[in-house]
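Structure assessment
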Amino acid sequence: MSDKYKSQYLTRVRFVNLCDKFKYSPLCIPYAFEIVAGSRSISDGFSILNFRGKPILSINDEHSKLVINHVSELLKELYEVKQGNRHKIVANVVQMLGENSEKYVFRYDIKKFYESIHPEYIYRMVISDPAISPNSKALVRMYLKGIEDKGIFGVGRGTSLSAALAEYYLLDFDKVIRRIDGVYYYARFVDDIIVFSYKKVENFKDIVQSKLPVGMILHERKDKKSEVSFVDDAEWTFSYLG
């Protein structure tokens, strides 16, 4: 086995450690190995809940949860993919808004975040990624196929793997926005984007839109100001994360 895949090799020890972390019964481990072997479907434990008009994926059995958390933890280990810390972002934004300096602040959100990630595009990324083992790629494919079979658009909502795949999908986007000339702070909490620049960037929204992955678009929000300049001690009320 290639050295780069050793950390992804599924052993009982790996599953036992995950059971300890997520408080699952070790009795689910043999069934989890059946999912890995392909003799049991991960989607057998899927059910759909409705929350505020949006379908939420619910996982009903621990062996499916165990496999899903194995893959999501793997993506975190490989790329540190995780959702931004909401409280830390808000604290940073408040601090920077209070600084007496010229700045330009841009706030956008991505429309239908999870639903806009087409399973085919995210799987292309996974299948072409040399850092992800063939076994892990097969589990991602099984998961995405299970979501599709349930009639859910995108990567689904409600599971750790849905969140991890969404963050993985936006890895390059996050890097590109941070490198835009003038940008000194960038953060994203799921679909909410906040950017601070020390200089005015013309057509910044168009630039951000052009860098989004295939299928994603920025929300047209007329009820909130999305671009604000702080010049000559101007005072504004600015909203982020709601």
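Structural data are supplied above this passage.
In this text the structure is predicted, and so the values were computed from the model without any measurement.

**Here we look at helix H6 (residues 134–149)**
- Taking 1.5 Å of rise per residue, 16 residues should cover 22 Å, and H6 covers 22 Å from first to last C-alpha, within 8% of that figure.
- Considered for burial, the residues of H6 that qualify are Ser-136, Lys-137, Leu-139, Val-140, Tyr-143, Leu-144, Gly-146 and Ile-147.
- Turning to H6, the residues buried within the fold contact helix H2 (29–37), strand S1 (46–51), strand S2 (54–59), helix H3 (62–79), helix H5 (119–127) and helix H7 (160–169).
- Of the residues one or two after H6, Gly-151 is the one with positive phi, at around 80°.

**Regarding the nonpolar core**
- Grouped together as the largest cluster of nonpolar side chains are 71 residues, with contacts concentrated most on Leu-66, Tyr-143, Leu-165 and Phe-204.
- With seven residues, the top contributor of residues to this core is H7.

**Focus on the packing of aromatic side chains**
- Tallied over the entire structure, the rule returns 10 aromatic pairs.
- With a centroid separation of 6.4 Å and 25° between ring planes, the pair formed by Tyr-108 and Phe-204 is classed as stacked. Placement of the pair is Tyr-108 in strand S3 (residues 103–109) and Phe-204 in helix H9 (residues 204–211), with a sequence separation of 96 residues.
- Accessibility expressed as a relative area gives 3% for Tyr-108, which makes it buried.
- For Phe-204, a relative accessible area of 1% translates into the label buried.
- Through successive ring pairs, a cluster of aromatic residues spans Phe-106, Tyr-108 and Phe-204.

**A look at the side chain of Ser-72**
- Examined against the element boundaries, Ser-72 turns out to sit in helix H3.
- For Ser-72, a relative accessible area of 0% puts it in the buried group.
- Among the polar contacts listed, one links the side chain of Ser-72 to the side chain of Ser-160, at a separation of 3.0 Å.

**Things to note about the packing of H2 against H3**
- Where H2 contacts H3, the axes come no closer than 8 Å and their chain directions differ by 60°. Classed by the angle they form, the pair H2 and H3 counts as oblique. With respect to the hand of their crossing, H2 and H3 are arranged in right-handed fashion. Where H2 approaches H3, its residues Ile-29, Tyr-31, Ala-32 and Ile-35 are matched on the opposing element by His-63, Ser-64, Leu-66 and Val-67.
- Here the contact of H2 with H3 is built from residues that sort into six nonpolar, two polar and no charged.

What counts and what doesn't
- Residues numbered from 1 in each chain as written.
- Predicted model: local features only at pLDDT ≥ 70, side-chain atom pairs only at ≥ 80, totals over all residues.
- Heavy atoms only, no water.
- Helix = DSSP H or I, 4+ residues; strand = E, 2+ residues; numbered from the N terminus.
- Expected span 1.5 Å × (residues − 1).
- Buried < 20%, exposed > 50% of the residue type's maximum accessible area, 1.4 Å probe, protein only.
- Contact = heavy atoms within 4.5 Å.
- Core = buried A, V, L, I, M, F, W, Y, C linked by side-chain atoms within 4.5 Å.
- Phe/Tyr/Trp six-rings, centres within 6.5 Å; stacked < 30°, edge-to-face > 60°.
- Polar contact = N/O pair within 3.5 Å; in protein donor to acceptor, adjacent residues only side chain to side chain.
- Axes fitted to C-alpha atoms, helices over the stretch in contact; angles between N-to-C directions.
- Parallel < 35°, antiparallel > 145°, perpendicular 65-115°, else oblique.
- Left-handed = near helix turned anticlockwise from the far one by under 90°.
- Nonpolar A, V, L, I, M, F, W, Y, C, P; charged D, E, K, R; others polar.

Taken by themselves, the reported measurements are silent on function.
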